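Structure assessment
Chain by chain, the residues:
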Amino acid sequence: MRRWLPKSLVGQVILLIALALLAAQAVNFALLLNEGQRARLAQSETPALSRLVGAAQALSAAPIAQRDMLARRLSGGGTRFNIAERSNVERRNLTRDADLEQRLTAALTEAGVKTAAVMADEAKLRRQRADDQAPGVRRLLIASVLLPDGSWLNGRLTLRRPDSGFAWRLLAATLALYAIVLGAVLLIARRLARPLAEMTSAAESFRGRDAGFQIRPHGPADLRRLAEALNDMRARVVELLADKDRMIGAIGHDLRTPLASLRIRAESVPDEAERARMVATIEDLDQTLDDILALARAGQPSEAARPVDVAALVEAVAEEFVDLGKDVAFEPAERLVATIRPNSLKRAVRNLIENAVKYGERASVGVVEEPGTLRILIEDDGPGIASAELDRVTDPFYRLEPSRSRLTGGSGLGLAIARTIAEAHGGRLELSNRPEGGLAASILLPAAGAA
């Protein structure tokens, strides 16, 4: 059942209101139809009951010898009265209508007619219309009033035909009201859905670095305040990230001087082996600082973005590794232009190829154009990455190799830098294991967007 429910909040609200309104309209329709039928029934019976009460008044006051003649005079126009020793209702074995008898008794009592018993029922008589021979039904009131002398006044009265179109008119009015109210609900829901969709889209596209990101406040006052609050929160997040990048950069630069001093001191150590170990450690720290500074700069790149042939840029990076004797193959591609920061993107591609060569021994590099996107793809034949680790390996300083050695595991910043650079370009970094073995790393860039 749940799979048929709308997934969005607005959709669920519309469905709930529509069902509640439908139930309310159905109950209202049933009540109005019932009351309308009762009113129409009373309206059709009232003239006949009035004529019957009037006849009972006249006949009960008339001499017995004149009652038959008076009953015939009162008959006519679809009404027939007669005086008999037996009730027509009883004689015809009709099913008595207690509610109808109660109303007739009350009317007789109100008119001052004393009666000992009342029998009444409605009957239907099928007939053919003389004009078109179409079948019809005539509703009759069969009633008998026991007069004080013990004789029965029998009446056969034609009832007014009820309004057969009342139910259809009521149904049409109910459906029209339902459509009007539901239409108003849909308009309100649409006013809510549009700003919510824009906020959702903006939040999903926000990568923490795009300071130009803004949500246009519109719609109801509550949603406008929410949009303004999200804009303020975005500004605070961007500023916090900028402070973090500046702090990391300052720490990295401040550590350069003591590291340089340590290296000078290490060069004066007499023991050659000890001196070599100290220099290697200092170089390791220096390289780690370079990676940290690169990560900080990736968050706030100072390089201007410009249209560049991405295929040519990636091919140039691949050739750097070929010149170093690495097994890197570039799949030729046509000219594919995007607005990027060339040096920044080169670093990201270089990090991914370096990982592929280190862990997979060889790398296959290519650039593929997809709808609205350019995909820079680097594949290797290595062991890949466990599925549970794929989302974590791009975190800063996270390393799959636990030895903490730069020779085997690196600094843990290469993928983090590549991801940050991709996001700074309005794209993303994707990692996946190849079915035939190895890892596929992709940088997805907007095909014609500006970073």
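Worth saying up front: this structure is predicted, and the values here are computed from it rather than measured.

Bringing the overall build of the chain into the picture now. On a plain count of helices and strands, the chain comes out with 11 helices and 11 strands. Per-residue burial over the chain gives 36% buried out of 451 residues. Here the chain has roughly 26400 Å² of accessible surface; of this, 56% comes from carbon and sulfur atoms.

With that settled, the discussion passes to the side chain of Arg434. Mapping Arg434 onto the fold places it in the loop between strand 10 (428-433) and strand 11 (439-446). At 3.0 Å, the side chain of Arg434 and the side chain of Asp381 are in polar contact. One polar contact links Arg434 to Glu436, side chain to side chain, over a distance of 2.6 Å.

A few words now on the sheet that holds strand 6 (residues 327-330). If you trace the five strands from one edge of the open sheet to the other, you get 6-8-9-11-10, paired in mixed fashion. What marks the edges here is a single partner per strand, and that holds for strand 6 and strand 10. Each neighbouring strand pair of the sheet contributes to a mean axis angle of 20°, computed without reference to strand direction. Examined bridge by bridge, strand 6 and strand 8 (residues 362-370) share four bridges and lie parallel to one another. The partner of Val328 across the bridge, within strand 8, is Ala363. Across the sheet, helix 11 (residues 414-424) touches strand 10 and strand 11, and the angle it forms with strand 10 is around 130°.

Before going further, it helps to examine a positive patch on the surface. Taken together, the side chains of Arg80, Arg86, Arg91 and Arg92 define a basic patch exposed on the protein surface. Mapping Arg86 onto the fold places it in the loop between strand 1 (79-84) and helix 3 (88-91).

On to the nonpolar core, then. Ranked by internal contacts, the top residues of the largest apolar core, which has 42 residues, are Val314, Ile353, Ile376 and Ile443. Ignoring anything within four residues of it in the chain, the contact list for Ile443 reads Leu345, Ala348, Val349, Leu352, Leu374, Arg375, Ile376, Ala422, Arg428 and Leu429.

Right, let's talk about the packing of helix 8 (residues 310-323) against helix 9 (residues 342-360) for a bit. Between helix 8 and helix 9, the shortest axis-to-axis distance is 10 Å and the interhelical angle comes to 45°. Taken together, the axes of helix 8 and helix 9 lie oblique to each other. Helix 8 and helix 9 meet at a crossing whose hand is right-handed. Touching Leu313, Val314, Val317, Ala318, Glu320 and Phe321 of helix 8 are Pro342, Leu345, Lys346, Val349, Arg350, Ile353 and Glu354, all from helix 9. Counted by class, the contact of helix 8 with helix 9 contains nine nonpolar, no polar and four charged residues.

All chains considered together, the criterion is met by 11 salt bridges. A salt bridge links Arg277 to Glu274; the shortest N-O distance between them is 2.6 Å. Separated by three residues within a single helix, Arg277 and Glu274 lie in helix 7 (residues 272-299), roughly one turn from each other. For Glu274, a relative accessible area of 32% translates into the label partly exposed. Across the salt bridge formed by Glu430 and Arg375, the nearest N and O atoms sit 3.4 Å from each other.

Right, let's get into the side chain of Ser442. Secondary-structure assignment places Ser442 in strand 11. A residue is classified by how much of its surface remains accessible, and Ser442, at 4% relative accessible area, is buried. In this structure the side chain of Ser442 is engaged in a polar contact, spanning 3.1 Å, whose partner is the side chain of Arg375.

A cluster of nonpolar side chains, Leu15, Leu19 and Leu22, forms an exposed patch at the surface whose accessible area comes to about 260 Å². Within the secondary structure layout, Leu15 lies in helix 1 (residues 9-61). Note on Leu15: relative accessible area 31%, which makes it partly exposed.

Next up on the list: unusual backbone geometry. Residues other than glycine seldom take positive phi values, yet Glu361 does so here, at roughly 70°. Along the chain, Glu361 falls in the loop between helix 9 and strand 8. Judged by relative accessible area, Glu361 falls into the exposed class, the value being 66%.

Confidence along the chain averages 77 in pLDDT terms, with 80% of residues attaining 70 or more. Low pLDDT, under 50, characterises residues 125-137; the stretch is placed with 16 contacts to residues that sit more than four places away or in other chains. When the criterion is pLDDT under 50, residues 402-408 qualifies, and its contacts beyond four places in sequence or with other chains add up to 15 contacts.

Next up on the list: the pairing of strand 8. The sheet contact formed by strand 8 and strand 9 (residues 373-380) spans eight bridges and is antiparallel. If you follow Gly366 over to strand 9, its bridge partner there is Leu377. If you look at the hairpin formed by strand 8 and strand 9, you'll find two residues sitting between the two strands, and Gly372 has a positive phi there, around 75°.

Reading the values: rules and limits
- Residues numbered from 1 in each chain as written.
- Predicted model: local features only at pLDDT ≥ 70, side-chain atom pairs only at ≥ 80, totals over all residues.
- Heavy atoms only, no water.
- Helix = DSSP H or I, 4+ residues; strand = E, 2+ residues; numbered from the N terminus.
- Buried < 20%, exposed > 50% of the residue type's maximum accessible area, 1.4 Å probe, protein only.
- Areas by Shrake-Rupley, 256 points an atom, 1.4 Å probe, with all protein chains shown as cover.
- Polar contact = N/O pair within 3.5 Å; in protein donor to acceptor, adjacent residues only side chain to side chain.
- Pairing = 2+ DSSP bridges.
- Axes fitted to C-alpha atoms, helices over the stretch in contact; angles between N-to-C directions.
- Contact = heavy atoms within 4.5 Å.
- Patch = residues over 30% accessible without salt bridge, like charges linked within 9 Å, V, L, I, M, F, W, Y side chains within 5 Å.
- Salt bridge = Lys/Arg side-chain N within 4 Å of Asp/Glu carboxyl O.
- Lys, Arg positive; Asp, Glu negative; His and termini not counted.
- Charge placed at Lys NZ, Arg CZ, Asp CG, Glu CD.
- Core = buried A, V, L, I, M, F, W, Y, C linked by side-chain atoms within 4.5 Å.
- Parallel < 35°, antiparallel > 145°, perpendicular 65-115°, else oblique.
- Left-handed = near helix turned anticlockwise from the far one by under 90°.
- Nonpolar A, V, L, I, M, F, W, Y, C, P; charged D, E, K, R; others polar.
- pLDDT = per-residue confidence, 0-100.

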